[in-house]
Amino acid sequence: MPRFSVIVPVHKVQAYLHECLESVLGQSFSDFEVIAVDDRSPDASGAILDAFAARDRRVTVLHLKENVGLGPARNAGTARATGDYLLFLDSDDTLAPGSLQALADRLKETAEPDMLVYDYARTYWDGRVVRNQRAALLAQDGRPAGPLDDRPELLRLLPVAWNKAYRREFVQRCDAAFPPGWYEDVAWTYPLLLAARSIAVLDRVCVLYRQRRRGSILRTTSSRHFDVFDQYDRVFAFLDRNPALDGWRPALFGRMTDHLLAVYNTPGRLPRSSRGLYFQRCSLHFRRYQPQEHGPRPHGVPGRTRRLLVRLGARQVFDAVRAANTLRRRLRRLAKDTARAAREAGLRLHYRIQRHRPLDPDLAVFAACRYGGYGGDPAALEAAVRDLAPHLRTAWITTPAYAHTLPRGVRRLQPGSPAYWTALARAAYLVNDVNFPHAYRKRRGQVNLHTHQGTPLGRTGLDLQGHPAASAGRDFARMLAHTDRWDFCLSANRHSTVVWERAYPAGYTTLEHGRPGNDVLLRADADDVRRIRADLGIPAESTAILYAPAHRDYRRGFHPPVDLVRLARELGPGHVVLYRAPDGHAGTATLPEGLPDTVLDVSAHPSVQELCLAADALVTDYSPLMFDYAGLDRPIVVHAGDWTAYRAARGTYFDITAEAPGPVARSEDELLSILTTDTWRGPRSAQLRAAFRAHFCPYDDGHAAERVVRRVFLGEDGGEPAVLPLERRTPAPPARP
């Protein structure tokens, strides 16, 4: 018996069918069957299905004798299914890489629920990939699988069949079947959500929902859109048969009202001649199913007015009020846009005027992390400039929220302010680890130094082409225009140099000098380590493990891949876990409830270097932090439980599981086994770390910032300090040798 039965109804999709089936058959998880139902398709779809079945025994093809429609075709596939769980995939959509493995893992974690709800992203013909706007409703926040009462917000998701895994025994117990007609998912989805005893969620894009330029049913003008009324009749008939669920009637009434009027309000769905009749049917359904208590406040027309107009069947007044609301929103938006445009025009004029003034040869402007706090390589360089080139004035671009991170005497520039544009126009030196705005135009004589944000494992720049999950919304032409402004590009090692020059091709000079931000790791002493640990609240006798996972491009938001509660419990007394969320996720990452005192969330700590100094070991998956931490010559453990999915979504420059800086765990159980024995700090761990350090930390000797400042700011080409050999370096000592 397979784990999954993937049911694919097929009708007139020959252009997309190969991609759909390949996305399933190419999954890393292989315990599944595909039941493809040829719904009497008039094109070559049936022949394509037979060819797939001939080459892969996991594919079963059902050829229906007549065209029955999407719902009955799914029923035919369901009747032949033998898997533990049913999945429905429309034949013009695809499964994201690694999805079945992720589903299997989540089902196991949540004790085999009746239903598992997962996420999707819309893919457009022009290459855009847009994740479901309500993905936050699928946050894995530590709640166990339970009935809909525990997650009523799931009713707000799109009522479709293909974003859920259904336990087959549960579907059989409910005697569930898809009805005929359009909008068939409505009469399937809502009753099963209400009937499920346990529902789990997975915050991961598993389905890529193709938005076809032409041919979509929902974009077809037809009277078949009237089928939506029959589907909601079936939903409320289900409630009538199950009086214990009557408390859900107001919520479903609200969903129905929104859905019916969405069909009415969407241009191009209803024939012009049938719009009046459709609104009358809306009025009839409203009066028929309106609960005694007030339902939820609808959208668009103010709720009370809208309910009254629909109930009365006052279509012309409804349309007039809706048009008036639309006009009011447009006028309000126009007023805001006009005010914003006036301000931007004033700033552009100010910037142009400042560009005609002489450059200020003594001004150096720094920024990091999209105008975040004082940190990273730019901060280390700013400090070195004040020390080695005191004739220069420095300024840091950031918002008031990070003003406290600036050293005394460093001027703060508010992003977008007149002073900000003056500095961009006149500063002789500009340093950033991302990029300055597109409106900035580099002047003759200005020096731009780009530092990047560490050594790359995941693909970046032009190398992201072909990886839509990671490059969604990226403008590569604009990126190259920004790269052309660089005079110098900082590199930590030869690997980075090769990547930068290929991924960001331009005429800059690469400075292979090491990472200035890591100088402190070689300059700090035992007293510094003790002070930092005391400030963080780490007991002197405890072993501190820094857990720093990487961002996943295939998931919205972030939650730790490792169970922090279990990790703390298994490590036991005498251990502290320092949890560091990826950049951009501090304060937004979902943490489980009941975290013990031995787990410290240090995601908002301003200095990642201080966290490295405080930690006796690093646990990470694919974070660039491992390349920096290796310079300390302390143990590193790699947790690569979803390596296949990460690599497929992002693309990588090498296999970190084969060239790791320490032991590699493929699962949480294996990770805990490594950490609760001496494996994490044994001889093999030291051997792997030494090779990794030699490869990726050749210049991190504590003098990287000085080399850069002398070359870029003082013009001492060839006068920089020589690189100290690895064997002569003395990194900051760990608190627990």
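Refer to the structure printed above.
Quantities reported herein were computed from a predicted structural model and do not represent experimental measurements.

1. Points about the sheet that holds strand S20 (residues 617-620)
Thinking step 1. As summarised here, the arrangement of the six strands in space is S19-S18-S17-S20-S21-S22, forming an open sheet in which the pairing is parallel. Looking at which strands have only one partner, the edges of the open sheet turn out to be strand S19 (599-601) and strand S22 (664-665).
Thinking step 2. As defined by bridge partners, strand S18 (residues 575-579) adjoins S19 across three bridges and the pair is classed as parallel. Paired with Leu 578 across the strands is Leu 600, a residue of S19.

2. Looking at the side chain of Asp 185
Thinking step 1. Locating Asp 185 in the fold gives a position in helix H6 (residues 184-195).
Thinking step 2. Residues contacting Asp 185, with those up to four places away along its chain left out, are Arg 74, Pro 159, Val 160, Ala 161, Trp 162 and Phe 178.

3. Topic: the nonpolar core
Nonpolar side chains in soluble globular proteins generally cluster together in the buried interior.
Thinking step 1. Counting residues in each nonpolar core, the largest one holds 59 residues, and the members touching the most others are Met 115, Tyr 166, Leu 252 and Tyr 278.
Thinking step 2. Ignoring any residue separated from it by four or fewer positions in sequence, one finds Met 115 in contact with Lys 164, Ala 165, Tyr 166, Phe 170, Leu 192, Leu 193, Ala 196, Ser 198, Ile 199 and Ala 200.
Thinking step 3. Counting residues in each nonpolar core, the second largest holds 54 residues, with Tyr 508, Ala 524, Phe 627 and Cys 697 among its members.

4. Remarks on the sheet that holds strand S11 (residues 393-397)
Strand pairs in the sheet, formed through backbone hydrogen bonds, run parallel or antiparallel to each other.
Thinking step 1. One open sheet accounts for seven strands, arranged S12-S11-S10-S13-S14-S15-S16; its pairing is parallel. With one partner strand each, in any of the chains shown, strand S12 (411-413) and strand S16 (509-512) form the two edges of the open sheet. Each adjacent strand pair in this sheet contributes to an overall mean axis angle of 25 degrees, direction not counted.
Thinking step 2. Sheet strands in contact with helix H13 (residues 418-426) are strand S10 (360-366), S11, S12 and strand S13 (427-432), and its direction is about 105 degrees off that of S13.

5. Overview of the packing of aromatic side chains
Thinking step 1. Tallying each qualifying case throughout the model produces 39 aromatic pairs.
Thinking step 2. Aromatic pair Tyr 166 and Trp 188: ring centres 5.5 Å apart, planes at 80 degrees, arrangement edge-to-face. With Tyr 166 in strand S8 (residues 164-167) and Trp 188 in helix H6, this pair connects stretches of sequence that are 22 residues apart.
Thinking step 3. Of the residues examined, Tyr 166 reaches a relative accessible area of 1% and is grouped as buried.
Thinking step 4. Assessed through its relative accessible area of 2%, Trp 188 is described here as buried.
Thinking step 5. Ring centres 5.5 Å apart and planes at 20 degrees place the aromatic pair Phe 654 and Phe 696 in the stacked group. With a gap of 42 residues between them, Phe 654 in the loop between helix H22 (643-650) and S22 and Phe 696 in helix H24 (residues 683-696) connect regions that are remote in the sequence. Note on accessibility: Phe 654 and Phe 696 belong to one class, buried.
Thinking step 6. Aromatic rings pair up to connect Phe 226, Phe 229, Tyr 264, Tyr 278, Phe 279 and Phe 318 into one cluster.
Thinking step 7. Above the plane of the ring of Phe 178 lies Arg 74, whose end atom (NZ or CZ) is 4.9 Å from the centre.

6. Side note on the packing of helix H11 (residues 315-355) against H13
Thinking step 1. For the pair H11 and H13, the least separation of the axes is 9 Å and the interaxial angle reads 35 degrees. The two elements H11 and H13 meet at a crossing, and its hand is right-handed. Residues Leu 347, His 350, Tyr 351, Gln 354 and Arg 355 of H11 form the contact with H13, whose participating residues are Pro 418, Trp 421, Thr 422, Leu 424, Ala 425 and Arg 426.
Thinking step 2. Tallied by class, residues from the contact of H11 with H13 come to six nonpolar, three polar and two charged.

7. Looking at the side chain of His 467
Thinking step 1. Along the chain, His 467 turns up in the loop between strand S14 (447-450) and helix H14 (468-471).
Thinking step 2. Apart from the residues within four sequence positions on either side, His 467 is in contact with Arg 459, Arg 647, Ala 648, Ala 649, Arg 650 and Gly 651.

8. Let's talk about helix H9 (residues 275-289)
Thinking step 1. Along its 15 residues, H9 runs 21 Å from first to last C-alpha, staying within 8% of the 21 Å computed at 1.5 Å per residue.
Thinking step 2. Burial in H9 covers these residues: Arg 275, Tyr 278, Phe 279, Cys 282, Ser 283, His 285, Phe 286 and Tyr 289. Along the axis of H9, the buried residues cluster in a sector spanning 165 degrees; they form a single face.

9. Considering helix H19 (residues 564-571)
Thinking step 1. Turning to H19, its buried residues number three or more, namely Leu 564, Leu 567, Ala 568 and Leu 571. For H19, the angular spread of buried residues about the axis comes to 95 degrees, placing them on one side.
Thinking step 2. Among the residues of H19, the N-terminal cap falls to Asp 563, whose side-chain oxygen and the backbone nitrogen of Val 565 are separated by 3.1 Å.
Thinking step 3. Just past H19, the residue Gly 572 takes up positive phi, approximately 80 degrees.

10. Here we look at the environment of Gly 127
Thinking step 1. Residue placement: Gly 127 occurs in the loop between strand S6 (115-124) and strand S7 (129-131).
Thinking step 2. It is 10 Å that separates the C-alpha atoms of Gly 127 and Ser 471, two residues lying 344 residues apart in sequence.

11. Details of the pairing of strand S4 (residues 85-88)
Thinking step 1. Burial along S4 is two-sided: the face carrying Tyr 85 and Leu 87 and the face carrying Leu 86 and Phe 88 are both buried.
Thinking step 2. Across four bridges, strand S1 (residues 4-10) lies against S4 in parallel orientation. By the bridge assignment for S4, Ser 5 is matched with Leu 86.

12. Quick word on the pattern of salt bridges
Thinking step 1. On inspection of all chains with the given rule, the structure shows 47 salt bridges.
Thinking step 2. For Arg 74, the salt bridge identified is with Glu 184, shortest N-O distance 3.7 Å. Separated by 110 residues along the polypeptide, Arg 74 in helix H3 (residues 70-80) and Glu 184 in helix H6 bring together distant segments of the chain. This pair shows no difference in class: Arg 74 is buried, exactly as Glu 184 is.
Thinking step 3. Among the salt bridges present, the one from Arg 167 reaches Glu 169, with a minimum N-O distance of 3.3 Å.
Thinking step 4. Look at the salt bridges and you will find they share partners, linking Arg 74, Asp 90, Glu 184 and Asp 185 into a network.

13. As for unusual backbone geometry
Thinking step 1. Here the phi dihedral of Ala 111 falls at roughly 60 degrees; this positive angle occurs in a residue that is not glycine.
Thinking step 2. Among the structural elements, Ala 111 can be located in the loop between helix H4 (99-109) and S6.
Thinking step 3. Residue class for Ala 111 comes out exposed when judged on its relative accessible area of 64%.
Thinking step 4. In this model, Tyr 183 sits at a positive phi of 60 degrees, which is unusual for a non-glycine residue.
Thinking step 5. Relative to the elements of secondary structure, Tyr 183 occurs in the loop between helix H5 (168-174) and H6.
Thinking step 6. For Tyr 183, a relative accessible area of 11% puts it in the buried group.

14. Focus on the environment of Arg 693
Thinking step 1. With respect to the element layout, Arg 693 can be found in helix H24.
Thinking step 2. Residue class for Arg 693 comes out buried when judged on its relative accessible area of 10%.
Thinking step 3. Through-space distance from the C-alpha of Arg 693 to that of Gly 631 is 6.3 Å; in sequence the pair is 62 residues apart.
Thinking step 4. Contact partners of Arg 693, with chain neighbours within four places excluded, come to Ala 630, Gly 631, Asp 633, Pro 698, Leu 726, Arg 729 and Pro 731.

15. Points about the state of the cysteines
The term disulfide refers to a covalent linkage connecting the sulfur atoms of a pair of cysteines.
Thinking step 1. Following the criterion strictly, the structure yields zero disulfides and no others.
Thinking step 2. Cys 612 forms no disulfide, and the closest cysteine sulfur to it belongs to Cys 697, at a distance of 11 Å.

Quick notes on the rules
- Residues numbered from 1 in each chain as written.
- Predicted model: local features only at pLDDT ≥ 70, side-chain atom pairs only at ≥ 80, totals over all residues.
- Heavy atoms only, no water.
- Pairing = 2+ DSSP bridges.
- Helix = DSSP H or I, 4+ residues; strand = E, 2+ residues; numbered from the N terminus.
- Contact = heavy atoms within 4.5 Å.
- Core = buried A, V, L, I, M, F, W, Y, C linked by side-chain atoms within 4.5 Å.
- Buried < 20%, exposed > 50% of the residue type's maximum accessible area, 1.4 Å probe, protein only.
- Axes fitted to C-alpha atoms, helices over the stretch in contact; angles between N-to-C directions.
- Phe/Tyr/Trp six-rings, centres within 6.5 Å; stacked < 30°, edge-to-face > 60°.
- Lys NZ or Arg CZ within 6 Å of the ring centre and 35° of its normal.
- Left-handed = near helix turned anticlockwise from the far one by under 90°.
- Nonpolar A, V, L, I, M, F, W, Y, C, P; charged D, E, K, R; others polar.
- Expected span 1.5 Å × (residues − 1).
- Arc of directions from axis to C-beta.
- Polar contact = N/O pair within 3.5 Å; in protein donor to acceptor, adjacent residues only side chain to side chain.
- Salt bridge = Lys/Arg side-chain N within 4 Å of Asp/Glu carboxyl O.
- Disulfide = S-S within 2.5 Å.

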